[in-house]
Amino acid sequence: MLAIVQPPPLPDRPPLLAVRSLGKSVPGPRRLFRGLDLDVAAGELVAIIGESGVGKSTLLNILAGLDDADEGSVAIDGVVLGRLDETARTRLRRERIGFVFQAFHILPYLTLAQNVALPLALISPDADAAAGRAQAMLDAVGLGGRGNDYARDLSGGELQRVAIARALVHRPALILADEPTGNLDPETAERVLALFAAAVRENGAAGVMVTHSAASASIADRVLTLGSDGLIDRNGG
Ligand SMILES: Nc1ncnc2c1ncn2[C@@H]1O[C@H](COP(=O)(O)OP(=O)(O)OP(=O)(O)O)[C@@H](O)[C@H]1O
Ligand SMILES: [Mg+2]
């Protein structure tokens, strides 16, 4: 594994993602985690591992403002999600966050090109630019010749790659990915992981990736384990 030396975050700039004392319970009543802290700098990719059911997907949903924590705060580039109304939150999510969902959420009755262009279409009136960028993203995930196919006809691994292309198309500041290589063969997985790493490091985004795969974790700058007391860095870093 390559040791990648990251420059320390600039002292006068908050980390791109700053999570403080986050706590979440689910009906039951059952507490998933409490006291969860996480800083992710611009250009840094963090992997999160943990047992099934521990709350990894729930945590990503909270980071994206799709679910609410019971306590604590999430700030993206200094903007605290809990202080935004629903409209402002939706806007921040559209413009600044890219999310690869565990269940993809690709729209079956749109073509691949339309699915991938969607985030750009929502924030910019330039349809040609959106289509061009969507094509470049489909090329990058190896589906360049399939833009006019309908998503309903795709295999699981193909859908996953469309989801990745869609999450990165608008160059988001915060990239959240839930098991992004779970359905991919090792070669394709390696290719999309490289794309993730490039999106984070070249665009200065903050990346948080949930994964069970050692190959995926190995490209991350840090690997954290989620448990009931929050995130633990087993390397002590
Ligand atoms: N709205 C909800 N109501 C009740 N229980 C919920 C709700 N949301 C999540 N849970 C429960 O919280 C736990 C954590 O779910 P989550 O999907 O975050 O786990 P995970 O760590 O992503 O698991 P996996 O690795 O299997 O994807 C699960 O037991 C789930 O059933
Ligand atoms: Mg999950």
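Residues numbered from 1 in each chain as written. Chains lettered and ligands numbered in written order. Predicted model: local features only at pLDDT ≥ 70, side-chain atom pairs only at ≥ 80, totals over all residues.

Take the overall build of the protein next. Regarding its fold elements, the protein presents seven helices and 10 strands. Scaling as 2.2 N^0.38, a compact globule of 237 residues should have a C-alpha radius of gyration of about 18 Å, and the protein matches this with 17 Å. Expressed as lengths along the three principal axes of its C-alpha atoms, the size of the protein is roughly 45 × 40 × 40 Å. Per-residue burial over the protein gives 41% buried out of 237 residues. Of the contacts made within the protein by residues no fewer than 6 positions apart, 70% connect residues no fewer than 24 positions apart. (Helix = DSSP H or I, 4+ residues; strand = E, 2+ residues; numbered from the N terminus. Rg over C-alpha atoms; globule rule 2.2 N^0.38 Å. Buried ≥ 20, exposed ≤ 12 C-beta atoms within 10 Å, placed from the backbone. Contact = placed C-beta atoms within 7 Å.)

What follows concerns the packing of helix 3 (residues 112-123) against helix 5 (residues 156-168). Remark: helix 3 packs on helix 5, axes separated minimally by 7 Å, with the N-to-C direction vectors making an angle of 30°. Overall, the two elements helix 3 and helix 5 adopt an arrangement that is roughly parallel. Note on packing geometry: the crossing formed by helix 3 with helix 5 is right-handed. Listed contacts from helix 5 to Leu112, Asn115, Val116, Leu118 and Pro119 of helix 3 are Val162, Ala165 and Arg166. By residue class, the composition of the contact of helix 3 with helix 5 is six nonpolar, one polar and one charged. (Axes fitted to C-alpha atoms, helices over the stretch in contact; angles between N-to-C directions. Parallel < 35°, antiparallel > 145°, perpendicular 65-115°, else oblique. Left-handed = near helix turned anticlockwise from the far one by under 90°. Nonpolar A, V, L, I, M, F, W, Y, C, P; charged D, E, K, R; others polar.)

It is worth spelling out the sheet that holds strand 6 (residues 97-100) at this point. Pairing is mixed in the open sheet, where six strands are placed in the order 6-7-8-3-9-10. The open sheet has two free edges, formed respectively by strand 6 and strand 10 (230-233), since each of these has just one partner strand. On average, each strand axis in the sheet is tilted by 20° relative to the strand beside it, whichever way the strands run. In the sheet, strand 9 (residues 222-227) pairs with strand 10 via four bridges, with the strands oriented antiparallel. Residue pairing in the sheet places Leu224 in a bridge with Asp233 of strand 10. Here helix 6 (residues 186-203) sits on the sheet in contact with strand 3 (45-49), strand 7 (174-178) and strand 8 (206-210), set at roughly 160° to strand 7. (Pairing = 2+ DSSP bridges.)

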